[in-house]
Amino acid sequence: MKKYEFKLNENVGFYWIAESLDVRNTKYQKIEIINTKQFGKAMLLDNNVMFTEFDEHVYHEYIVYPNVNQLENFNNALIIGGGDGLCAKRLLEYPFKKVVQVEIDKEVIELSKKHFLNKLENTFNDKRLVLEEQDALKYFPCKEKYNFIALDLTDPQEDNQLSNNLFSDNFYNDCKKALDNNGILVVQVGCPYLFPKHFSKQKNILEKLFNYTWIYGTYMHCYGMHQYFISCSNIINNQKPNWELIMKNFNQYNKAKVYNLELHKKSL
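Report on the accompanying structure. Every chain is numbered on its own, with residues counted from 1 as its sequence reads. Note on the predicted model: pLDDT of at least 70 is required for a residue's local features to be given, and 80 or more for side-chain atom pairs to be given and counted; whole-chain, interface and lining totals, by contrast, use all residues. Think of the side-chain values as coming from all heavy atoms in the structure, minus any hydrogens and water.

Time to look at the pattern of salt bridges. By salt bridge we mean one thing: a side-chain nitrogen of Lys or Arg within 4 Å of a carboxyl oxygen of Asp or Glu. Within the structure shown, the criterion is met by 10 salt bridges. Among the salt bridges present, the one from E110 reaches K113, with a minimum N-O distance of 3.8 Å. With E110 and K113 both in helix α3 (residues 106-115), this residue pair falls 3 residues apart, about one helical turn. The residue E207 makes a salt bridge to K203 at a minimum N-O spacing of 3.1 Å. Runs of H or I in DSSP of at least four residues are treated as helices and runs of E of at least two as strands, each being numbered from the N terminus.

Listing the buried residues of helix α5 (residues 169-178) in full gives F171, Y172, C175 and A178. On an axial view of α5, the arc spanned by its buried residues comes to 115 degrees, and they lie on one face. Along α5, exposed side chains directed more than 90 degrees from the buried face belong to N170 and K177. Elements that come into contact with the buried residues of α5 comprise β6 (76-81), β9 (146-152), β10 (179-190) and α6 (196-209). Remark: exposure states derive from per-residue accessible area (1.4 Å probe, protein chains only) relative to the maximum for the residue type, with buried under 20%, exposed over 50%, and partly exposed in between. By arc we mean the arc of the directions from the helix axis to the C-beta atoms, nothing more. In what follows, a contact means two residues having at least one pair of non-hydrogen atoms within 4.5 Å.

Another point: empty space enclosed by the protein. Think of a 1 Å grid over the protein atoms and nothing else: a 1.4 Å probe that fits but is trapped marks a cavity, an open set flanked by protein within 12 Å on at least five of seven lines marks a pocket, and residues with an atom within 4 Å of a point count as lining. Grid points are joined across faces, edges and corners, and a volume is the space filled by probe spheres set on the points. Considering all chains together, one arrives at 1 cavity of 30 Å³ or more under this definition. The calculated volume of the largest cavity comes to roughly 40 Å³. Taken together, Y62, P66, W214, Y216, Y259, L263, H264 and S267 form the lining of the largest cavity. At the level of secondary structure, the elements contributing two or more residues to the lining of the largest cavity comprise α1 (56-68), β11 (212-220) and α8 (261-266).

On to the layout of surface pockets. Looking at the second largest pocket, its volume works out to about 290 Å³. Taken together, 17 residues form the lining of the second largest pocket, with K89, E93, K119, E121 and K255 sitting closest to its centre. Secondary structure elements with two or more residues in the lining of the second largest pocket: α1, α2 (86-91) and α4 (117-120). Looking at the lining of the second largest pocket element by element, the count peaks at 4 residues for α1. Residues are grouped as follows: Ala, Val, Leu, Ile, Met, Phe, Trp, Tyr, Cys and Pro are nonpolar; Asp, Glu, Lys and Arg are charged; all remaining types, including Gly, are polar. In the lining of the second largest pocket, the residues fall into 3 nonpolar, 4 polar and 10 charged.

To count toward a patch, a residue needs a relative accessible area above 30% and no salt bridge. Like charges then connect within 9 Å, nonpolar side chains (Val, Leu, Ile, Met, Phe, Trp, Tyr) within 5 Å. For the accessible areas, the method is Shrake-Rupley and the probe is 1.4 Å, while residue cover comes only from the protein chains on display. Taken together, the side chains of M1, Y15 and I17 make up a nonpolar region of the molecular surface, amounting to roughly 380 Å² of accessible area. In this structure, M1 sits in the segment before β1 (2-7).

Within soluble globular proteins, side chains that are nonpolar generally end up buried alongside one another. The set of buried Ala, Val, Leu, Ile, Met, Phe, Trp, Tyr and Cys residues whose side-chain atoms join them within 4.5 Å is what this entry labels a nonpolar core. Counting 61 residues, the largest nonpolar core has M43, V68, L91, F96 and F148 as the members making the most contacts within it. Not counting residues up to four positions away in its chain, the partners in contact with M43 are I31, E32, I33, N48, V49, M50, F51, V108, L111, S112 and F116. Judged by nonpolar contacts, the second largest core, of 29 residues, contains L151, Y172, V189 and I205.

Bringing the side chain of T52 into the picture now. Examined against the element boundaries, T52 turns out to sit in strand β5 (residues 48-52). Judged by its relative accessible area of 0%, T52 falls in the buried class. Leave out the neighbours within four places in its chain, and T52 touches W16, F39, K41, A42 and C222.

Next up on the list: the pairing of strand β3 (residues 30-36). Of all the 7 residues making up β3, 5 are buried; the element is thus mostly covered by neighbouring parts of the structure. Only strands that DSSP links by at least two bridges are regarded as paired with each other. Inspection of the sheet shows strand β2 (residues 13-25) paired to β3 by 7 bridges, in the antiparallel sense. For S20, the partnering residue across the bridge sits in β3 and is I34. Here 6 bridges tie β3 to strand β4 (residues 40-45), and the two strands are oriented antiparallel to one another. Across the sheet, residue E32 finds its bridge partner in β4, namely L44. The turn linking β3 back onto β4 is made up of 3 residues.

In short, shape yes, function no, at least from these values alone.
Here it is, written out as structure tokens:
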């Protein structure tokens, strides 16, 4: 057993006592799978918690369901990051013809398959899932248009450039061009209370790029803080949603454990 310390900022943090199950140092980052008493197995990237068996469903339901339930068409979806496959799992509950996942580090995918099959079920065996193992900065411009794009990224850090360049006006603009007319982009933007500068910067960029934006969030026990998302669209006013459509999609497709229509309404 080992003590793992997680620093949220210079004044706040927490620790776990856990067993290390698997460690790999890849070209891009350190990946570690640990087993905790409180949260079950967890994936760490560069010693930061990405998700746990206990509450991964909260994060992944919130990044997918509030947005996808507003769609009329389910042609193509795109995930930037999200190599663990848990965002893809939720998208594949819907009748998308194709879900493309762009992940730079294939070891994230392999370790997720190895240690979290109980959560993934048949995600990586679904023929609609297309894996693109490459730098997302090189994915655009792309020929296809997407109904939904999720930026399921690690938080930017000063000493790690892996995701920093993706939280930028240039990359957001590339995503905007890849959306179809009624498409939605969602970006995870962390916690505004602990990282106010990062949050404000993303909010300002996205509000300038898109006609409609919606900020919503939920508490994540494994992070020790709230997790927020910004949903963006040029056509869909996600703060004045079409409840008839949302209810139809909610009842027909998703398998939510936490997300529900009352929570959705209260978050507006």
